[in-house]
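Observations on the three-dimensional arrangement
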Amino acid sequence: MWIQGLQHLIDTHALKQQRHVINETNWILKQFYMADKDGSGTLSKDECRQLLKDSFNANISEDLFDIYFEEANQNGEGSLTSDEFLKFFHLLTRRKDLYKIMQQYVKKDDNQSMDTIYMDVDELLYFLQNVQNQKIIVYKLKEFKMDYSIQSIVTRKRVEDLINEFETNNDFKEKGQLSLNGFRNLLLSDDFSIMKPWCYRLIYQDMTRPLSHYYINTSHNTYLFNTQVYGDSNPEAYNRVLRAGCRAVEIDCYDGNDGRPIVKHGYTLVKPCLFETIIRLIEPILFKTSPYPVILDIENHCSIEQQHEMARVLREVFGDRLISEFLLANNSSVLPSPEDLKYKVLLRVIDHDLSKLFVYLQNVPYCEYECAKQYYSYFHSANISEKVFNRIVQSNPMSLIQQTTTNSLRMYPDGLRQDSSNPNPINAWNCGVQMVALNYETDDSIMSLLYGKFIDNGGCGYILKPEYLTDIDKTKFNPFNYLIKLLSLPENINECPQHLTIKIISGQFLSQSNVLTNNIPNLSVTVSTHGIPCDQQPQKTKIIENNGFDPIWNETFQFDIDFPKMCLVCFDVNNYNKNTKKDRFAYFCLPMTTIQTGYRHIHLRAKNNNPTYSTLFIHVAIENK
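These numbers were taken from a predicted model, which means no experiment stands behind them. (Residues numbered from 1 in each chain as written. Predicted model: local features only at pLDDT ≥ 70, side-chain atom pairs only at ≥ 80, totals over all residues. Heavy atoms only, no water.)

With that settled, the discussion passes to the nonpolar core. Within the largest apolar cluster, 97 residues are counted, with the highest numbers of intra-cluster contacts made by Ile279, Leu296, Leu314 and Phe318. Aside from chain neighbours lying at most four places away, what touches Leu296 is Val249, Ile251, Ile279, Ile282, Leu314, Phe318, Val345, Leu346, Leu347 and Arg348. (Core = buried A, V, L, I, M, F, W, Y, C linked by side-chain atoms within 4.5 Å. Buried < 20%, exposed > 50% of the residue type's maximum accessible area, 1.4 Å probe, protein only. Contact = heavy atoms within 4.5 Å.)

Two elements in contact, helix 13 (residues 236-243) and helix 14 (residues 275-282), have axes separated by 9 Å at closest approach and are oriented at 35°. Between helix 13 and helix 14 the crossing geometry is right-handed. In contact with Glu236, Tyr238, Asn239 and Leu242 of helix 13, helix 14 contributes Ile278, Leu281 and Ile282. Here the residues of the contact of helix 13 with helix 14 are counted per class, giving five nonpolar, one polar and one charged. (Axes fitted to C-alpha atoms, helices over the stretch in contact; angles between N-to-C directions. Helix = DSSP H or I, 4+ residues; strand = E, 2+ residues; numbered from the N terminus. Left-handed = near helix turned anticlockwise from the far one by under 90°. Nonpolar A, V, L, I, M, F, W, Y, C, P; charged D, E, K, R; others polar.)

Attention now goes to the environment of Asp560. Positionally, Asp560 belongs in strand 21 (residues 552-561). Each C-alpha atom, one on Asp560 and one on Gln537, is 9.5 Å from the other, the two residues being 23 residues apart in sequence. In this structure, Asp560 is in contact with Lys485, Gln498, His499, Asp535 and Lys625, ignoring residues within four places of it in sequence. Polar side-chain contacts of Asp560 include one of 2.6 Å to the side chain of His499. (Polar contact = N/O pair within 3.5 Å; in protein donor to acceptor, adjacent residues only side chain to side chain.)

The grouping of Trp2, Ile3, Leu6, Leu9 and Ile10 at the surface amounts to a nonpolar patch, some 610 Å² of accessible area in total. With respect to the helices and strands, Ile3 occurs in helix 1 (residues 2-15). (Patch = residues over 30% accessible without salt bridge, like charges linked within 9 Å, V, L, I, M, F, W, Y side chains within 5 Å. Areas by Shrake-Rupley, 256 points an atom, 1.4 Å probe, with all protein chains shown as cover. Salt bridge = Lys/Arg side-chain N within 4 Å of Asp/Glu carboxyl O.)

With that settled, the discussion passes to the pattern of salt bridges. For the coordinates displayed, the defined rule picks out 28 salt bridges. Note that Arg95 and Asp97 form a salt bridge whose closest N and O atoms lie 2.9 Å from each other. By the burial criterion, Arg95 is buried, and Asp97 matches it. When the shortest N-O distance is used, the salt bridge between Asp443 and Arg584 registers 3.9 Å. With Asp443 in the loop between strand 16 (435-436) and helix 20 (445-454) and Arg584 in strand 23 (residues 583-591), the pair connects residues that are 141 residues apart, well separated along the chain. Take Asp443: its relative accessible area is 33%, and that puts it in the partly exposed class. Within this structure, Arg260, Glu276, Arg280, Glu309, Arg312 and Glu316 form a network of salt bridges that share partners.

Attention now moves to helix 13. The set of residues buried in helix 13 consists of Ala237, Tyr238, Asn239, Val241 and Leu242. The inward-facing, buried residues of helix 13 abut strand 8 (248-254), strand 9 (262-263), helix 14 and strand 11 (294-301). Remark: Gly245 follows helix 13 within two positions and exhibits a positive phi of approximately 105°.

As a further point, take the packing of aromatic side chains. Each pair of aromatic rings is reported with the distance of its centres and the angle of its planes. Counting across every chain of the model gives 25 aromatic pairs. Among the aromatic side chains, those forming a connected cluster through ring pairs are Phe32, Tyr33, Phe65, Phe69, Phe85 and Phe88. One Lys or Arg, Lys264, reaches over the ring of Tyr254 and ends 5.1 Å from the middle of that ring. (Phe/Tyr/Trp six-rings, centres within 6.5 Å; stacked < 30°, edge-to-face > 60°. Lys NZ or Arg CZ within 6 Å of the ring centre and 35° of its normal.)

This part takes up the UniProt feature "domain: EF-hand" (unreviewed entry) in the protein chain. Here, UniProt's "domain: EF-hand" (unreviewed entry) annotation points to residues 23-58 and 60-95. Regarding residues 60-95, the helix share stands at 61% and the strand share at 6%, and the terminal C-alpha atoms are separated by 14 Å. (UniProt positions renumbered as here; feature names shortened; annotations may be inferred.)

The subject of this paragraph is the packing of helix 4 (residues 45-56) against helix 6 (residues 82-92). Helix packing geometry: the angle between the two helix axes and the distance between the axes. One way to put it is that helix 4 packs onto helix 6 with a least axis distance of 13 Å and a crossing angle of 55°. On the basis of their axis angle, the class for helix 4 and helix 6 is oblique. Handedness of the crossing formed by helix 4 with helix 6: right-handed. Along the contact surface, helix 4 presents Cys48, Leu51, Leu52 and Phe56, while helix 6 presents Phe85, Phe88, Phe89 and Leu92. Looking at side-chain class alone, the contact of helix 4 with helix 6 contains eight nonpolar, no polar and no charged residues. (Parallel < 35°, antiparallel > 145°, perpendicular 65-115°, else oblique.)

A separate point is the sheet that holds strand 11. Within a sheet, adjacent strands bond to each other through the backbone by hydrogen bonds, running parallel or antiparallel. Overall, mixed pairing links the five strands, which are arranged 10-9-8-11-12 in an open sheet. At either margin of the open sheet sits one strand with a lone partner, and together these are strand 10 (273-274) and strand 12 (345-348). For strand 11 and strand 12, the ladder comprises four bridges, and the chain directions are parallel. If you follow Val294 over to strand 12, its bridge partner there is Val345. Strands in contact with helix 13 are strand 8, strand 9 and strand 11; relative to strand 8, the strand with the most contacts, it is inclined by about 165°. (Pairing = 2+ DSSP bridges.)

So this is what it looks like as structure tokens:
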């Protein structure tokens, strides 16, 4: 009950966003009382300015600070009470960038200030339809099941509902008007952020195709929390990755004392834990984030006797959820689909007695296509090291790509990565490799690519590959044929090349929570595209110095993307200072096909993909080439 209570608090906190915090009086007052060092119940100018630096990374000009301070300081005593500080905070958080946008789409009136400007129903409807091209999810009951459709916002009634939901000023709300603050709240909400809401909320892709047609969210040496050579084999690591959407985890098993198998990293200082402890810990959370199958990749170093014990534990804990025989309804020449395997556990195992529990994913060495075609069946699953993969794509990539249409392959990091660093998964995904195993314990830019890849399709951990990677016999697709852009793509490649324009407008509440310095940051944004080689490109804004509260960039970048279905778009906010040339401050990554056009906020992530209150505000335009 204690653990469930803590998890509830964590989940509730994770749902809070910047718009909730800005409007939450208790949170604002908490900052006030923390800054009131002498306990006077008021903040002097110096205390107020220090609060802006410490809590909000804001170093605003003296003139602007004085204007806001004097406007809020109604008693004229040179210090702010808690009520006056609330007014000061709301003056400070008014969005000038949004005010300029509203001015473009409301009736011209020179007297409309940031306090008085508003959109009526018709103006907001026009903005959502013509500027945002906004789509929404509409749920309906169909044949006793909840169904949904994706629709444009076309009715005044829907716009009236939005005003009632996001407008906090009753005077505006009663008149059917959306103020500047209401406009900010609306654009900060999930449905109106950069990502199409159905892409992260719903499992919308076809889940009835063979397992080999899907990318699978995969972890390497899942039991580790630190590096590859020291620390503990920690059962909690499995809880972490499964809750993050991982569907394929790794367990390295060795003989333990008293006939009980253990999990450890062989020939290192990593301390072991019991195999049974891990299995019993993960059982309640296997399907918390996704109904689709969990794959246990067991690296088996156990004696026959302890393999029997492992099999007993697996059968006892998982029961009929453990796939131990072929599905009767399945086509015997192809792998079953994620839909066929809902709420099931699959074992991926090198040999020995555990093979009696193996059905669909037998771990085998990699061999060239002609050899695999002769000696391997659809249920064989080759394990490829990073080093071997790089050699293959240099010499004969088509041999590997052809195998991924029928078999599920796994690539894992090189053994020399003792620091748990990660290989770039992009080339492996480009070649159709389904399981690219990454070290979840490492918070690096590579992991943000994994989070971006698998945020799609409701975060279920399975992403359907493009048709040109599932029908290689027809398309002959080789990503390395597209090192540079072509005038046109072959007719058998089902893609729609696009021109992507991104304007980085501003940032909000870019906090110091994940860096090691107390200095106000000097921030720059890098926008990068990752996919087929011809589509890979980074672009960077100028550096805004001494402002993590509301930096303004207003810089526009252009990208030509030939393969949108394979393209990830990453936004990295970096801090530049004298001691560390560049610190990654926060980030967000998503598939290009999930991006909403128009004016959008990006809700940034920090260490281990944790949500933050920080946002970027951008404008996106996408045109077919």
